[in-house]
Amino acid sequence: MSNQKKRNFQIEAFKHRVVVDPKYADKTWKVLEHAIHEIYNHNASGLSFEELYRNAYNMVLHKFGEKLYSGLVTTMTSHLKEISKSIEAAREECFLKK
């Protein structure tokens, strides 16, 4: 056995490149943005939260986290501005309901 050479095998991680559609981030963000609007409109019964979570996770995984974050900030800011306008327009007795 001493005559046989020992071979050192090294197992390397599988390197596999994922080719992402150039419009992936925009398409995925549109799906998420639509879902956010549906949630704001209290119409979330038709949404798959698992799919939405997976879409957000994949955006971050494929290095589109900044787009996801800035889109979320923009969408929420827009929604809050609409709410503030309706509160400003409300009369005093309806203020607390708004």
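Everything below is about the structure shown above.
This section reports on the structure supplied with the text. As the structure is a prediction and not an experimental result, all values here were calculated from the model.

## Section: the nonpolar core
Link 1 in the chain: Formed by Tyr24, Ala25, Trp29, Leu32, Ala35, Ile36, Leu52, Met59 and Leu68, the largest nonpolar core amounts to nine residues.
Link 2 in the chain: Of all the elements in the fold, those that place two or more residues in this core are helix H1 (24-40) and helix H2 (49-61).
Link 3 in the chain: Of the residues forming this core, the biggest block, six residues, is contributed by H1.
Link 4 in the chain: With sequence-adjacent residues up to four places away left out, tryptophan 29 is seen in contact with Ile36, Met59, Lys67, Leu68, Gly71, Leu72 and Thr75.

## Description of helix H3 (residues 65-89)
Link 1 in the chain: Over its 25 residues, H3 runs 36 Å from end to end, which matches the ideal 36 Å to within 8%, given 1.5 Å per residue.
Link 2 in the chain: Taken together, the buried positions of H3 are Leu68, Gly71, Thr75 and His79.

## Details of the side chain of glutamate 38
Link 1 in the chain: Within the secondary structure layout, glutamate 38 lies in helix H1.
Link 2 in the chain: Of the side chains bearing the opposite charge, lysine 30 lies closest to the buried glutamate 38, which forms no salt bridge; the N-O distance is 14 Å.
Link 3 in the chain: Within polar-contact distance, the side chain of glutamate 38 engages the side chain of asparagine 43 at 2.7 Å.
Link 4 in the chain: Contacts of glutamate 38, omitting those with residues within four sequence positions, involve Asn43, Ala44 and Leu47.

## Comments concerning H1
Link 1 in the chain: Its 17 residues place the ends of H1 24 Å apart at the C-alpha level, agreeing with the 24 Å of an ideal helix rising 1.5 Å per residue.
Link 2 in the chain: Among the residues making up H1, those that are buried are Tyr24, Ala25, Thr28, Trp29, Leu32, Glu33, Ala35, Ile36 and Glu38.
Link 3 in the chain: Buried-residue contacts for H1 involve H2 and H3.
Link 4 in the chain: Histidine 42 sits one or two positions beyond H1 and adopts a positive phi of about 60 degrees.

## Digging into a nonpolar patch on the surface
Link 1 in the chain: Taken together, Tyr53, Tyr57 and Leu61 make up a surface patch of nonpolar side chains, about 370 Å² in accessible area.
Link 2 in the chain: Within the element layout of this structure, tyrosine 53 appears in helix H2.
Link 3 in the chain: For tyrosine 53, a relative accessible area of 60% corresponds to the exposed category.

## Considerations on the packing of H1 against H3
Link 1 in the chain: Contact pair H1 / H3: the axes reach a minimum separation of 11 Å and the direction vectors enclose 30 degrees. Between H1 and H3, the angle falls in the class roughly parallel. Our pair here, H1 against H3, has a crossing hand that is right-handed. Contact residues: H1 offers Ala25, Asp26, Trp29, Leu32, Glu33, Ile36, His37 and Tyr40, while H3 offers Lys67, Leu68, Gly71, Leu72, Thr75, Met76 and His79.
Link 2 in the chain: Considered class by class, the residues forming the contact of H1 with H3 number eight nonpolar, four polar and three charged.

Conventions adopted
Residues numbered from 1 in each chain as written. Predicted model: local features only at pLDDT ≥ 70, side-chain atom pairs only at ≥ 80, totals over all residues. Heavy atoms only, no water. Core = buried A, V, L, I, M, F, W, Y, C linked by side-chain atoms within 4.5 Å. Buried < 20%, exposed > 50% of the residue type's maximum accessible area, 1.4 Å probe, protein only. Helix = DSSP H or I, 4+ residues; strand = E, 2+ residues; numbered from the N terminus. Contact = heavy atoms within 4.5 Å. Expected span 1.5 Å × (residues − 1). Lys, Arg positive; Asp, Glu negative; His and termini not counted. Salt bridge = Lys/Arg side-chain N within 4 Å of Asp/Glu carboxyl O. Polar contact = N/O pair within 3.5 Å; in protein donor to acceptor, adjacent residues only side chain to side chain. Patch = residues over 30% accessible without salt bridge, like charges linked within 9 Å, V, L, I, M, F, W, Y side chains within 5 Å. Areas by Shrake-Rupley, 256 points an atom, 1.4 Å probe, with all protein chains shown as cover. Axes fitted to C-alpha atoms, helices over the stretch in contact; angles between N-to-C directions. Parallel < 35°, antiparallel > 145°, perpendicular 65-115°, else oblique. Left-handed = near helix turned anticlockwise from the far one by under 90°. Nonpolar A, V, L, I, M, F, W, Y, C, P; charged D, E, K, R; others polar.

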